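If you want the building blocks of each chain, they are given just below.
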Amino acid sequence: MDAETGKVYWTHDLKSHIWGSTLAADGKVYVGDEDGDFTVLAASKEKQVISAVNLGAPVYSTPVVANGVIYVASNTHLFAFYDAARASRDEVPKLDLKK
């Protein structure tokens, strides 16, 4: 939507309830739904679905981004997505479970 005029550029029906908020980052809009679908749309004046995947369980949370990684919690799993082509081997986030 146009922030100054309130004009709606486009809408997208996920055909399911959305319990979390959308995340807008890096020129994209990220959203998960109750059917387990996780959708990435271009944050542009023209509607463009960049990606849609089913995570196998409902997504009731809001996606979170940190250090180039998008975290999505479903009812059963925590997913971490990042662009391996943009990250060097040294930049890939690691989780230290020994702490």
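As a reminder, the structure under discussion sits directly above these lines.
The structure presented is a predicted model; accordingly, all values stated were derived computationally and were not measured. (Residues numbered from 1 in each chain as written. Predicted model: local features only at pLDDT ≥ 70, side-chain atom pairs only at ≥ 80, totals over all residues. Heavy atoms only, no water.)

Enquirer: How should I be thinking about unusual backbone geometry in this particular structure?
Expert: Note on backbone geometry: most residues besides glycine have negative phi, and most peptide bonds are trans. The phi dihedral of Lys15 falls on the positive side, at around 60 degrees, and the residue is not glycine. For Asn67, which is not a glycine, the phi torsion comes out positive at approximately 55 degrees. For Asn67, the position within the fold is in the loop between strand S5 (64-66) and strand S6 (69-73). Classification of Asn67 as exposed rests on a relative accessible area of 76%. (Helix = DSSP H or I, 4+ residues; strand = E, 2+ residues; numbered from the N terminus. Buried < 20%, exposed > 50% of the residue type's maximum accessible area, 1.4 Å probe, protein only.)

Enquirer: It is not clear to me how the pairing of strand S2 (residues 28-32) should be interpreted in this structure. Could you clarify?
Expert: Side-chain positions along a regular strand alternate between the two faces of the sheet. Most of S2 is tucked away, with 4 of its 5 residues classed as buried. Across 3 bridges, the pairing between strand S1 (residues 23-25) and S2 is antiparallel. When the bridges of S2 are listed, Ala24 appears paired with Val29. Joining the antiparallel neighbours S1 and S2 is a turn of 2 residues, in which Asp26 adopts a positive phi near 55 degrees. What sits between the antiparallel neighbours S2 and strand S3 (residues 37-42) is a turn of 4 residues, in which Gly36 has the positive phi angle 90 degrees. (Pairing = 2+ DSSP bridges.)

Enquirer: Is there a simple way to think about the environment of Val40 in this case?
Expert: Take Val40: it is sitting in strand S3. Taking the relative accessible area as the measure of exposure, Val40 reaches 9% and is therefore buried. Taking the C-alpha atoms as reference, Val40 lies 6.3 Å from Ala52; in sequence the two are 12 residues apart.

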